[in-house]
Amino acid sequence: MGIEKEIPKSYFRSHRHKALVNVLFTSNWISERLKKFLEADDITPQQYNILRILQTSDIPLSTLKIRERMMDKMSDTSRIVERLLKKKLVNKQVCSYDKRLVDVTISETGVQLLQKLDKKTDELDSIISNLTDHETDSLNALLDKLREKG
């Protein structure tokens, strides 16, 4: 489906404007599918991102370190960690060397949830299954190039 089916062609002032709107529109489209994928397990994309960050860390992380690694840097990391704590998906304790910080780790329940979601990765990958491997590589290269300027 072309972007013109969603947004009138007359809206775009240039090819670059159309491309930018298309990237934003597609980002939102993918985000909605990710939300749907995660809603059955009662977690948000931001919570999923934090669990993945904690899963790949060899050491406990402060909320500041988590925020630095998040895709959405504007997230209220402390609030999200509190929600994960209530769901027993993370553990939290006061940092041993700086009492102003807390150390966050993924709990066994959090690990089990990620393992469950990993079994459904084909469903998640299906979001872009209509692209060939070559097209996917090209898309990745173009998106990387786009961010190089920023």
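Residues numbered from 1 in each chain as written. Predicted model: local features only at pLDDT ≥ 70, side-chain atom pairs only at ≥ 80, totals over all residues. Heavy atoms only, no water.

Let's talk about a nonpolar patch on the surface
Piece 1. A cluster of nonpolar side chains, V23, L139, L143 and L146, forms an exposed patch at the surface whose accessible area comes to about 310 Å².
Piece 2. Considering each element in turn, the nonpolar patch owes the most residues, three residues, to helix α7 (residues 133-148).
Piece 3. Of note, L143 is situated in helix α7. (Patch = residues over 30% accessible without salt bridge, like charges linked within 9 Å, V, L, I, M, F, W, Y side chains within 5 Å. Areas by Shrake-Rupley, 256 points an atom, 1.4 Å probe, with all protein chains shown as cover. Salt bridge = Lys/Arg side-chain N within 4 Å of Asp/Glu carboxyl O. Helix = DSSP H or I, 4+ residues; strand = E, 2+ residues; numbered from the N terminus.)

Some thoughts on the packing of aromatic side chains
Piece 1. Going through the model one piece at a time under the given rule, you end up with one aromatic pair.
Piece 2. A ring pair is formed by Y11 and F12, whose centres lie 5.6 Å apart and whose planes are at 80°; its orientation type is edge-to-face.
Piece 3. Judged by relative accessible area, Y11 falls into the partly exposed class, the value being 48%.
Piece 4. On the accessibility criterion, F12 (12% relative accessible area) is buried.
Piece 5. Note that K120 overlies the ring of F37, its terminal NZ or CZ placed 5.1 Å from the centroid. (Phe/Tyr/Trp six-rings, centres within 6.5 Å; stacked < 30°, edge-to-face > 60°. Buried < 20%, exposed > 50% of the residue type's maximum accessible area, 1.4 Å probe, protein only. Lys NZ or Arg CZ within 6 Å of the ring centre and 35° of its normal.)

Concerning the layout of surface pockets
Piece 1. Taken as a whole, the largest pocket spans an internal volume of roughly 1800 Å³.
Piece 2. Around the largest pocket sit 36 residues that line it, and V23, T26, S27, I30 and L143 are the ones nearest its centre.
Piece 3. When residues of the lining of the largest pocket are assigned to their parent elements, the largest contribution, 15 residues, is made by helix α1 (residues 15-39).
Piece 4. Taken together, the residues of the lining of the largest pocket break down into 20 nonpolar, 11 polar and five charged. (1 Å grid on protein atoms, 1.4 Å probe; cavity = no way out; pocket = protein on both sides within 12 Å on 5 of 7 lines; lining within 4 Å. Points joined across faces, edges and corners; volume = space filled by probe spheres on them. Nonpolar A, V, L, I, M, F, W, Y, C, P; charged D, E, K, R; others polar.)

Thoughts on the pattern of salt bridges
Piece 1. As enumerated under the stated definition, the model contains nine salt bridges in all.
Piece 2. Its salt-bridge partner being R52, residue D118 comes within 2.3 Å of it at the nearest N-O pair. Within this pair, whereas D118 is found in helix α5 (residues 108-118), its partner R52 is found in helix α2 (residues 45-55), the two being separated by 66 residues in sequence.
Piece 3. Measuring nitrogen to oxygen at the nearest pair gives 3.7 Å for the salt bridge that ties K65 to E68. Of this pair, K65 and E68 are both found in helix α3 (residues 63-69), three residues apart, which corresponds to roughly one turn of the helix.
Piece 4. Residues joined in a network through salt bridges with shared partners are D41, K116 and K120.

With respect to helix α4 (residues 77-86)
Piece 1. What α4 keeps buried is the set T77, I80, V81 and L84. The buried side chains of α4 occupy one side of the element, clustering within an arc of 100° when seen end-on.
Piece 2. One or two positions beyond α4, positive phi appears at K88, with a value near 65°. (Arc of directions from axis to C-beta.)

Things to note about the packing of α2 against α4
When two helices pack together, their arrangement is given by the angle between their axes and by how far apart the axes lie.
Piece 1. The interhelical angle for the contact between α2 and α4, taken along N-to-C directions, is 85°, at an axis separation of 10 Å. One way to sum up the angle between α2 and α4 is to call them roughly perpendicular. In contact with Q46, Q47, I50 and L51 of α2, α4 contributes T77, I80, V81, R83 and L84.
Piece 2. Partitioning the contact of α2 with α4 into residue classes produces five nonpolar, three polar and one charged. (Axes fitted to C-alpha atoms, helices over the stretch in contact; angles between N-to-C directions. Parallel < 35°, antiparallel > 145°, perpendicular 65-115°, else oblique. Contact = heavy atoms within 4.5 Å.)

Re α5
The α-helix winds at 3.6 residues per turn, so residues separated by three or four positions along the chain end up facing the same way.
Piece 1. Every buried residue of α5 is accounted for by G110, V111, L113, L114 and L117. Looking straight down α5, one finds that the buried residues subtend no more than 160° of arc, so they occupy a single side.
Piece 2. Buried positions along α5 lie against α1, α2, β2 (102-106) and α6 (121-125).

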